[in-house]
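Coordinate analysis (summary)
Okay, here's what each chain looks like letter by letter:
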Amino acid sequence: MAVIFGTILVLAGFTSGIVYAVWLARVNPAAQIPLLRTAPSQPQASTLLNIGAVALVIWGANLMTADIGPWAFVLLIIAVLVPFNVIRFWHNARVGAHGER
């Protein structure tokens, strides 16, 4: 049962991370989003959404640790970093393509 509930929490956190990254990209349509710094414009609500996403993923991975072992840590890293980085790379490539014209 913990694996099912943990999976639901990880998926909810993954979805929240996607919503956060898309929101951040829409708020900064002409600016590149840096990796290790704050974006030029970052709404407070999106920051709370990102914190919630990380908390949900940590909670879900913690619930699954007893059953899937150290793979929970790998799942945690993937669920937190992949949505942000994929959308950030896509957004920065789109902004860079428009800037070259």
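Note that the structure is a prediction, hence the values are computed from the model and not measured.

1. Here's the deal with the overall build of the chain
Within the chain, the secondary structure is distributed over three helices and zero strands. In sequence order, the secondary structure elements of the chain are arranged as α-α-α. Once the C-alpha set of the chain is aligned to its principal axes, its extents read approximately 55 × 25 × 20 Å. When the 101 residues of the chain are sorted by exposure, 31% land in the buried category.

2. Quick notes on the nonpolar core
Considering soluble globular proteins, one finds that nonpolar side chains tend to be buried as a cluster. Listed in full, the eight residues of the largest apolar core are Tyr-20, Ala-21, Leu-24, Ala-25, Ile-33, Ala-39, Phe-84 and Ile-87. Broken down by secondary-structure element, the contributors of at least two residues to this core are helix 1 (2–27) and helix 3 (71–100). Residue contributions to this core peak at four residues, all from helix 1. When sequence neighbours within four positions are dropped, the list of residues in contact with Leu-24 reads Ile-33, Ala-39, Ser-41, Gln-42 and Phe-84. Judged by nonpolar contacts, the second largest core, of seven residues, contains Val-10, Val-57, Ala-72 and Ala-79.

3. Let's talk about the confidence of the model for the chain
Residues of the chain with pLDDT of at least 70 account for 97%, and the chain-wide mean is 89. Mean pLDDT values over the elements of the chain span from 86, in helix 3, up to 92, in helix 1.

What counts as what
- Residues numbered from 1 in each chain as written.
- Predicted model: local features only at pLDDT ≥ 70, side-chain atom pairs only at ≥ 80, totals over all residues.
- Heavy atoms only, no water.
- Helix = DSSP H or I, 4+ residues; strand = E, 2+ residues; numbered from the N terminus.
- Buried < 20%, exposed > 50% of the residue type's maximum accessible area, 1.4 Å probe, protein only.
- Core = buried A, V, L, I, M, F, W, Y, C linked by side-chain atoms within 4.5 Å.
- Contact = heavy atoms within 4.5 Å.
- pLDDT = per-residue confidence, 0-100.

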